[in-house]
Amino acid sequence: MTVSSLSPSDSNSCLRAPRPLRASERRRVETLRSAPLRRSRTARIMRGSARSHGTQERDKCVCMTNCPTLIVTVGLPARGKTYISKKLTRYLNWIGVPTKEFNVGQYRRDCVKIYKSFEFFRPDNEEGLKIRKQCASAALNDVQQYLGEEGGQVAVFDATNTTRERRETIVRFAEQNGYKVFFVESVCEDPDVIAENIVQVKLGSPDYTDCNTDEAIEDFMKRIKCYENSYQTLDEDLDRELSFIKIIDVGRRYLVNRVLDHIQSRIVYYLMNIHITPRSIYLCRHGESDLNVKGRIGGDSGLSLRGKEFARYLAKFIQDQNIKDLKVWTSQMKRTIQTAEALSVPYEQWKALNEIDAGVCEEMMYEEIQENYPLEFALRDQDKYRYRYPKGESYEDLVQRLEPVIMELERQENVLVICHQAVMRCLLAYFLDKSADELPYLKCPLHTVLKLTPVAYGCKVESISLNVDAVNTHRDKPENVNIHRSSEDALQTVPPHL
Amino acid sequence: MPSSWNSFPKYKEGGSLSALLSSSPTSGVMLVKICMTNCPTLIVTVGLPARGKTYISKKLTRYLNWIGVPTKEFNVGQYRRKCVKTYKSFEFFRPDNEEGLKIRRQCALAALGDVQRYLRDEGGQVAVFDATNTTRERRGTIMSFAQQNGYKVFFVESVCEDPDVIAENIVQVKLSSPDYIHCDTDKAVEDFMKRIKCYENSYEPLDEILDGGLSFIKIMDVGRRYLVNRVQDHIQSRIVYYLMNIHITPRSIYLCRHGESDLNVKGRIGGDSGLSVRGKEFAECLGKFIRDQSINELKVWTSQMKRTIQTAEALSVPYEQWKALNEIDAGVCEEMTYEEIQENYPLEFALRDQDKYRYRYPKGESYEDLVQRLEPVIMELERQENVLVICHQAVMRCLLAYFLDKPAEELPYLKCPLHTVLKLTPVAYGCKIEYISLNVEAVDTHRAKPEVGTFRVSSGMLNLSWCLQIKKMSSRPLVVDLCHY
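What counts and what doesn't
Position labels on residues start from 1 in each chain and follow its written sequence. Chain A is the first chain written and ligand 1 is the first ligand written, with later ones labelled in order. Given that this is a predicted model, residues contribute local features only at a pLDDT of at least 70 and side-chain atom pairs are listed and counted only at 80 or more, while totals for whole chains, interfaces and linings are drawn from all residues. With hydrogens and water set aside, each side-chain value is computed from the structure's full complement of heavy atoms. UniProt positions are given in the numbering used here, feature names are shortened, and annotations may be inferred rather than shown by experiment. Strands are runs of DSSP state E lasting at least two residues, helices are runs of H or I lasting at least four, and both sets are numbered from the N terminus onward. What qualifies as a polar contact is a pair of N or O atoms within 3.5 Å, subject to a donor-acceptor requirement within protein and to the restriction that residues adjacent in sequence count only when both atoms come from side chains. The contact criterion used throughout is that any non-hydrogen atoms of two residues lie within 4.5 Å. The classification of residues rests on relative accessible area computed with a 1.4 Å probe and restricted to protein chains. Under 20% of the type maximum is buried, over 50% is exposed, and intermediate values are partly exposed. Any two strands between which DSSP finds at least two bridges are classified as paired. Here, axes are lines fitted to C-alpha atoms. For helices the fit covers the stretch in contact, and angles between N-to-C directions go from 0 to 180 degrees. We call Phe, Tyr and Trp rings a pair once their centres come within 6.5 Å, taking the six-membered ring for Trp, and we label the pair stacked below 30 degrees between planes, edge-to-face above 60, and tilted otherwise. Note on criteria: charge over ring means Lys NZ or Arg CZ within 6 Å of the ring centre, with the direction from the centre no more than 35 degrees off the ring normal. Here a helix's expected span is defined as the number of its residues, less one, multiplied by 1.5 Å. The directions considered for the arc run from the helix axis to the C-beta atoms. By convention in these notes, a salt bridge is any Lys or Arg side-chain nitrogen within 4 Å of a carboxyl oxygen on Asp or Glu.

What to know about the UniProt feature "active site" (unreviewed entry) in chain A
Residues and elements named next belong to chain A. According to UniProt, the feature "active site" (unreviewed entry) maps to His 286 and Glu 355 in the numbering used here. These annotated residues cover 70 residues of sequence, and their C-alpha atoms all fall within 10.8 Å of one another, placing them together at a single site. Relative to the helices and strands, His 286 is located in the loop between strand 7 (281–285) and helix 9 (290–293). In terms of polar contacts, His 286 uses its side chain to reach the side chain of Arg 335, at 3.4 Å. Summarising the element assignment, Glu 355 is placed in the loop between strand 9 (348–349) and helix 12 (366–372). The residues contacting Glu 355, other than those within four sequence positions of it, are Met 333, Arg 335, Glu 393, Arg 401, His 420, Gln 421, Ala 422 and Val 423.

This is the structure we're talking about:
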């Protein structure tokens, strides 16, 4: 049974003599300390046992349900392996599975400072082969460290891994360490897709900073050729004992073999839902609400006058943008629905997009929370991501609730999501790969639209303010988060309101 | 028509396109209807006999209905049995049996006619056309039919050559089929094997290249391997995910509620109280029961509420807590007795009785919300083998409704008494259920459906705004019965 990470730390000294905790508060602190905040599905905190520490012996470690997973990419250059690795890593981290990617190309760049030409990758280049093998080993060592000592649960080993021999080496490495292996192969022969790939991510690579476009493309195509002859694709029969997904033609077709457990099943589901069709996602909050104006959190109030004005401006903005086949999503709360109504287009309501439930603190002002629940208020500031309002939710719960929304956003193309502050922070953290510590403090002001456009390995963000005034609802983390702090210290960062 | 799928967003009626689709007539002309996002889906099974097509059809239908997608299966074998009253032998299926071929074709067309009726007139969203469909020609016919009607087609093929799996299949579902009621086991098996042979020669499995334009999933060796081609939309993606998570390994699922809690004893709903003395006794008995059952690698799941956790603690085995298994949130009515709810929220109370499945407590949840919340639990239950789920009344009703294929109207009234373990064992096309009472007394928390439509209110409370609220929230007429308290 694990212990939750919430503990009233006294890292911050308090200015006054601490008042003794009331009995109920003491019990609350104890509950928070001892209640195992066990993740429901993925991140397992109990780790598998008996792991050999990389001995010479070919030990086969018994794979427990919760043993780490090693995802291994397979494919020729420019097939989207790194794109998939980074996206998968971002998704797994967001749902709470500690994941890290290890790009062997990076190791090679660190080792061979300057890239000269494709000749390095020629199959008869002994020196090149030696260096590349060393880089792969170095990466695997780091994988071992991450999964063994740094609390990692999944490692993504991103390299071409195009030969059966190289893959066998990796499988042996995994067996020795008690990891489960899952291969993700990308197979694509469409020249347009490959060309677009090269333009988007290779031309900007450190390997080609000093080349002009044509030279770079020519060199890269020759690089691909170096791998083609020895490429042994994953085969249904020869590799039938391995667990893998083969992605064919950017998702037109998939071959899935021997999915072993929950995490692999989730990975497969995710990979089958992503696409690379260009599109944009627009995120914004509802217009300013009556409760916003009063400085109260939660509730289900309607729009204020300025909020209604924003809704009209939003409608005009959307029209001007001339977005193809835009889908509009809202929550099931009045303020987002009223905002969408002003757009005069069909929209869909998701209960999952409802604002975080503040439980006993619903519709309170921060001042009232400090007065009635000072302990809760402080605990929340200590760990805003995991803290759960009594009878309410935490950001961590929100992320779990929003996972189907993210999955559907991945499937869709142009979407406008009209939601709420905490919800928008969670969605934004997914797209911009923000950690759990940063997530609850992301700035999502009212009356501002964020336009996210996937590009290369990440997301371009444009912040568009629609120039309608609104209250500020952003509350930064105060300096003093000690449970014995003064009201003044607690309310230091509360934004002004009526 | 707007589809309100449970974990999918609720559609607000969008523009005139949906109206267009539902009103245009299906004439003799080969109209190709444009497939809009919400057009119905026709799932078509493909495979030799005894490959699990009907098992998959029924399971998929059950799952889709549970998550709120109106689905119905159409088994062509059933149509054939109605047409040809008595089954004589495999000869009926011989490829050179003209009479047989004619009848089988008629049956397929009859089934397709019913599919059309279901999807067009009866509010269906998905139809599962369960037959062998082993030739490209037959599949072509179905594709034309679908195109004429504006349906999306998704093929589900099951390919298996493992003789043990096929034998087990025959034993489980074929021997007891109406076709073989009067045969002894050996004769039945022999006849069925010959029946399979009749199809083998003309079997054209879905091919990556030749059928590259179709949307399908090919399931190989009961889930060892899958080939997925051209998934078009959300529902197909969900179907694929579901099919990739189910298995046929024998196992049992044990469902029970937490031990009796302090609030249970007081007749109060919701809250987060601990176990009563009898509840603790139940937990001990449950521990003993589990040990006696000697279950292979049992997983134990609880919610994140005290009463389930305390129950699990008594088992002294590792367990996992799911927030998704928490009891339904009764919002403003949390920790009230039913009497208090009647006193404070008589309107809400009556509306809930009118439509207990969809009714949402103010600031709380509905059973419909619960199902959406529980879907990941169901998906994981499908992946797992032996599991004991210690949960709550409303939650257990939802899970039970999934396994026993109960519709939304019955779900909120399923009997899930305290201190009783339900053992569910998948068998043939359904689930065997055993009720095991652990003989520890407890209060009864089951509230049956009262006479619907009567809304008792003291004369002073009825006012215009309430009437408007009733009108808005209830689609059925509400009988207002004034009485004095």
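A look at the UniProt feature "active site" (unreviewed entry) in chain B
Residue and element names in this part refer to chain B. Per the UniProt record, "active site" (unreviewed entry) is found at His 258 and Glu 327. With respect to the secondary-structure elements, His 258 resides in the loop between strand 8 (253–257) and helix 9 (262–265). Assessed through its relative accessible area of 2%, His 258 is described here as buried. Filtering out sequence-adjacent residues up to four positions away, His 258 remains in contact with Asn 264, Phe 282, Arg 307, Thr 308, Thr 311, Ile 390, Cys 391, His 392 and Leu 418. Side-chain polar atoms of His 258 contact the side chain of Arg 307, separated by 3.3 Å. Following the sequence through the fold, Glu 327 ends up in the loop between strand 10 (320–321) and helix 12 (338–344). Excluding residues that lie within four positions of it along the chain, Glu 327 makes contacts with Met 305, Arg 307, Glu 365, Arg 373, His 392, Gln 393, Ala 394 and Val 395.

A look at the sheet that holds strand 7 (residues 225–229) of chain B
Read across the open sheet, the 12 strands follow the order 2(A)-3(A)-1(A)-4(A)-5(A)-6(A)-7(B)-6(B)-5(B)-2(B)-4(B)-3(B); overall the sheet is mixed. Unpaired on one side and paired on the other, strand 2 (99–103) of chain A together with strand 3 (71–75) of chain B mark the two borders of the sheet. Strand after strand, the sheet turns through a mean of 15° between neighbouring axes, direction not considered. Relative to strand 4 (residues 180–187) of chain A, strand 1 (residues 69–74) of chain A is paired through six bridges, and the arrangement is parallel. Bridge pairing in strand 4 of chain A links Thr 69 of chain A to Lys 180 of chain A. Most of the contacts of helix 2 (residues 81–94) of chain A go to strand 2 of chain A, to which it runs at about 160°, and overall it touches strand 1, strand 2, strand 3 (154–158), strand 4 and strand 5 (244–248) of chain A. The sheet contacts of helix 5 (residues 136–149) of chain B involve strand 2 (41–46), strand 4 (126–130) and strand 5 (152–159) of chain B, and relative to strand 2 of chain B the element is tilted by about 175°.

Focus on helix 11 (residues 306–313) of chain B
Turning to helix 11 of chain B, its buried residues are Arg 307, Thr 308, Ile 309, Thr 311 and Ala 312 of chain B. Contact partners of the buried residues in helix 11 of chain B: helix 10 (277–293), strand 9 (299–302), strand 10 and strand 11 (387–391) of chain B.

Some points on the packing of aromatic side chains
Per the stated rule, a full pass over the model turns up 29 aromatic pairs over all chains. For the pair Phe 173 of chain A and Tyr 179 of chain A, a centre-to-centre distance of 5.8 Å together with 65° between the ring planes defines the contact as edge-to-face. Residues Phe 173 of chain A and Tyr 179 of chain A agree in their burial class; the two are buried. Ring centres of Tyr 254 of chain B and Phe 289 of chain B lie 6.4 Å apart, and the angle between their planes is 75°; on these two criteria the pair is classed as edge-to-face. Of this pair, Tyr 254 of chain B sits in strand 8 while Phe 289 of chain B is found in helix 10, placing the two residues 35 residues apart along the sequence. Using a relative accessible area of 11% as the deciding quantity, one classes Phe 289 of chain B as buried. Joined through ring pairs, the aromatic side chains of Tyr 115, Phe 120, Phe 121, Tyr 208, Phe 220 and Tyr 227 of chain A make up one cluster. The positively charged end of Arg 475 of chain A is found above the aromatic ring belonging to Tyr 366 of chain A, 5.3 Å away from the centroid.

Comments concerning the UniProt feature "binding site: substrate" (unreviewed entry) in chain B
Residue and element names in this part refer to chain B. Under the UniProt annotation, the feature "binding site: substrate" (unreviewed entry) is placed at Arg 257, His 258, Gly 259, Glu 260, Ser 261, Asp 262, Leu 263, Asn 264 and Arg 307. Separation in sequence by 51 residues is not matched in space for these annotated residues, since their most distant C-alpha atoms are only 14.1 Å apart. Structurally, Arg 257 can be placed in strand 8. Among the residues examined, Arg 257 registers a relative accessible area of 2% and is labelled buried. Residues contacting Arg 257, with those up to four places away along its chain left out, are Asn 264, Phe 282, Ile 390, Cys 391, His 392, Gln 393, Met 396, Cys 416, Pro 417, Leu 418 and Thr 445. A polar side-chain atom of Arg 257 sits 2.7 Å from the main-chain carbonyl oxygen of Cys 416. By secondary structure assignment, the location of Gly 259 is in the loop between strand 8 and helix 9. In this structure, Gly 259 is in contact with Asn 264, Leu 275, Gly 279, Phe 282, Thr 311, Leu 418 and His 419, ignoring residues within four places of it in sequence.

A word on helix 7 (residues 185–200) of chain B
All names here are of chain B. Here helix 7 is 16 residues long and its end C-alpha atoms lie 23 Å apart, about the 22 Å a rise of 1.5 Å per residue gives. Here helix 7 has its buried residues at Ala 188, Asp 191, Phe 192, Arg 195, Ile 196, Cys 198 and Tyr 199. On an axial view of helix 7, the arc spanned by its buried residues comes to 150°, and they lie on one face. For helix 7, exposure combined with an orientation more than 90 degrees from the buried face picks out Asp 186 and Lys 197. Where helix 7 is buried, its residues contact helix 3 (76–83), helix 4 (98–121) and helix 6 (163–174).

Some remarks on the pattern of salt bridges
Inspection of the entire model under this criterion finds 54 salt bridges over all chains. A salt bridge links Arg 447 of chain B to Asp 353 of chain B; the nearest nitrogen and oxygen atoms lie 2.9 Å apart. Linking Arg 447 of chain B in the loop between strand 13 (430–437) and strand 14 (454–458) with Asp 353 of chain B in helix 13 (residues 346–354), this pair joins segments that are 94 residues apart in sequence. When salt bridges with common partners are traced through the structure, they connect Arg 108, Arg 109, Asp 207 and Arg 223 of chain A into a single cluster.

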